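Examination of the molecular architecture
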Amino acid sequence: MPEKYWPETIVLWGAGATKYLGLHGTKQLIELILKITKDDFSFLYGKDEKLINAFKKLINYDLINDKRLSKIYDIKALKIIIKTNAKLDMHELFTMMDQLIENNMGYNAFLNGNNHFLRVERIQAAKRCLILIIEELERISVQNKPGYFDKENISPYYEFSKVLTELMVEEGKEFERRGYKRDSRRFYLYSYAIISFNWDPVLLWNLCNTNREINKKNIKLKDGLNLKLYEDFGIQTAFIGSNYSESEIKYTVDESQCKGINDYNYPSRIIRMGKMLFPHGMFGSRICPECGKYIINLSNSCNKMSTNIFGPSLLKDLQIGWQYRTSKEKTYERGSIECPYCGQITYPYDMPIIMQTLANSKKVSCLREIKTEMGLIIKHAKHIVFAGYSLPIDDIMVKTFFMSSISGNDKKTLKCSLINYDSDYCGGKSWLTGQNISEYLNVNKDSSKVECIKNICDIFNIDNVRISLKGIPDIFMENGKCSREKVIDLLYPRKFFREGFPIIRD
Ligand SMILES: [Zn+2]
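Residues numbered from 1 in each chain as written. Predicted model: local features only at pLDDT ≥ 70, side-chain atom pairs only at ≥ 80, totals over all residues.

The name given to the protein in an unreviewed UniProt entry is SIR2-like domain-containing protein, and the organism recorded there is Clostridium tyrobutyricum DIVETGP.

Listed below in structure tokens is the structure:
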């Protein structure tokens, strides 16, 4: 018999979910990159002077004058490619570069009355540069005071994480009361999972912090064993973090460990865990260029407000507070992370990041495995929440992957919640259903939001869909605070789960 228990509610976390924090979506990112190629930095207005100057220095000095860096991250080549294709969107730009690289072909650009031929090596370096700039733009977007998140902006995400963590303690206690076996998924697996299509680790960072806080409280189960909560990344993952010793591999807790620890014959403590997947990669992660192992960064800072979870930057001033740990890292700096397996130095260009397209995820084996896990999780879901994630209409690969993943589900029972933001409707009802959805679609025919909603109503049965136009974080906030009831309504609505929270696992 195959595994019976899977996370019942799946949250697809997308760019719309972190817009409130200042993070950019791909559409905005390409606009900013266009500006950068025109030497226009006006979008940084209002940021801390130190950050503005460091960013300008990176673009206009280090990437041009540093002989080593300019070869690795070829900003001149990137500018040429973008200037000849000013209308390209991000997805097209990446796809074009990938195609050239895959076919080992160069690029001939006619610009300012001259031909510029870029050999394929330069296309590769231009792609690295594009990824680097994206990472730096996102890192800057969340900082006002260098090195720190903005307290007011981050607090809804922290509170949301805190409620999620508390709910999973509550769920664990109730599952224990019902006698679910601790070494089976029925007990230990969270009833929700998060699939982040964002590269930013903001939600992960907050969950790590709220887990840590709960784990310190020594919450006891009936027989006196402590309950601990962790995130599972879907694959075996090594990480670098704050308690670092120079010669040691540290692993994040995964499901196989969880089964072992919860073994009734060797009682020590009890673990529950939730799936948190990053199928498009994550900032600060690396694939070692020597041994090929996957490493993630879980921050070397204990300060909740620190942005170190984004990993080290090429320039110290862009990531204030990052401490290089090993003697090798201290020698090489420039965003280096030493591989804990083989000791090779990795750099920001070893970060496996893929654009919306799932087409080229095949090449990165760790992301391929995560994608397999994602397919399984989606396949078994009972309720899918689109949290600021709109199935990219222009990306046929994502849509078809999604459709084939849910094709085995009974459409009559598969439920869907979609959270979007519409300033004209955000003050209205929390959720639109049935007739109200049709009315909204009729009135707002031309907007891109409508396209997204239609797309989703095509896949799901409209009777099983509810839509909110309040956006994130408003959908779970009440009087300026994250509301436990609203989070429960978001993940386990009575309309979809008759028993309410904690849900029943038969
Ligand atoms: Zn290695």
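What follows picks up the thread again.
This brings us to the overall build of the protein. Each helix and strand in the protein was counted, giving 17 helices and 18 strands. Here the protein has a C-alpha radius of gyration of 23 Å; the compact-globule value for 506 residues is 23 Å, and the two agree. Across its three principal axes, the protein shows a C-alpha extent of roughly 70 × 60 × 45 Å. Within the protein, the fraction of its 506 residues that count as buried is 41%. In the protein, of all internal contacts separated by at least 6 residues, the share reaching a separation of at least 24 is 74%. (Helix = DSSP H or I, 4+ residues; strand = E, 2+ residues; numbered from the N terminus. Rg over C-alpha atoms; globule rule 2.2 N^0.38 Å. Buried ≥ 20, exposed ≤ 12 C-beta atoms within 10 Å, placed from the backbone. Contact = placed C-beta atoms within 7 Å.)

What follows covers the pairing of strand 16 (residues 465-468). Burial of the side chains of strand 16 extends over both faces: Val465 and Ile467 are buried on one face and Arg466 and Ser468 on the other. The pairing of strand 14 (residues 415-419) with strand 16 spans four bridges and is classified as parallel. When the sheet's bridge partners are listed, Ile419 is paired in strand 16 with Ser468. Alignment of strand 15 (residues 432-433) against strand 16, held across two bridges, turns out to be antiparallel. Counted as the bridge partner of Leu432 is Ile467 from strand 16. (Pairing = 2+ DSSP bridges.)

Attention now goes to the nonpolar core. Membership of the largest hydrophobic core comes to 124 residues, with the highest contact counts inside it found for Leu12, Trp13, Cys129 and Ala387. Per element, the largest residue contribution to this core is 10 residues, and it comes from helix 7 (residues 120-141). The residues touching Cys129, leaving out its near neighbours within four places in the chain, are Leu63, Tyr73, Asp74, Ile75 and Leu78. (Core = buried A, V, L, I, M, F, W, Y, C linked by C-beta atoms within 7 Å.)

The next subject is the sheet that holds strand 7 (residues 238-240). Strand order in this open sheet of three strands is 7-10-9, and the pairing throughout is mixed. Edge positions in the open sheet fall to strand 7 and strand 9 (286-287), since each of these has one partner strand only. Both strand 7 and strand 10 (residues 294-297) contribute to a ladder of three bridges, which runs parallel. Bridge pairing links Ile240 to Asn297 in strand 10.

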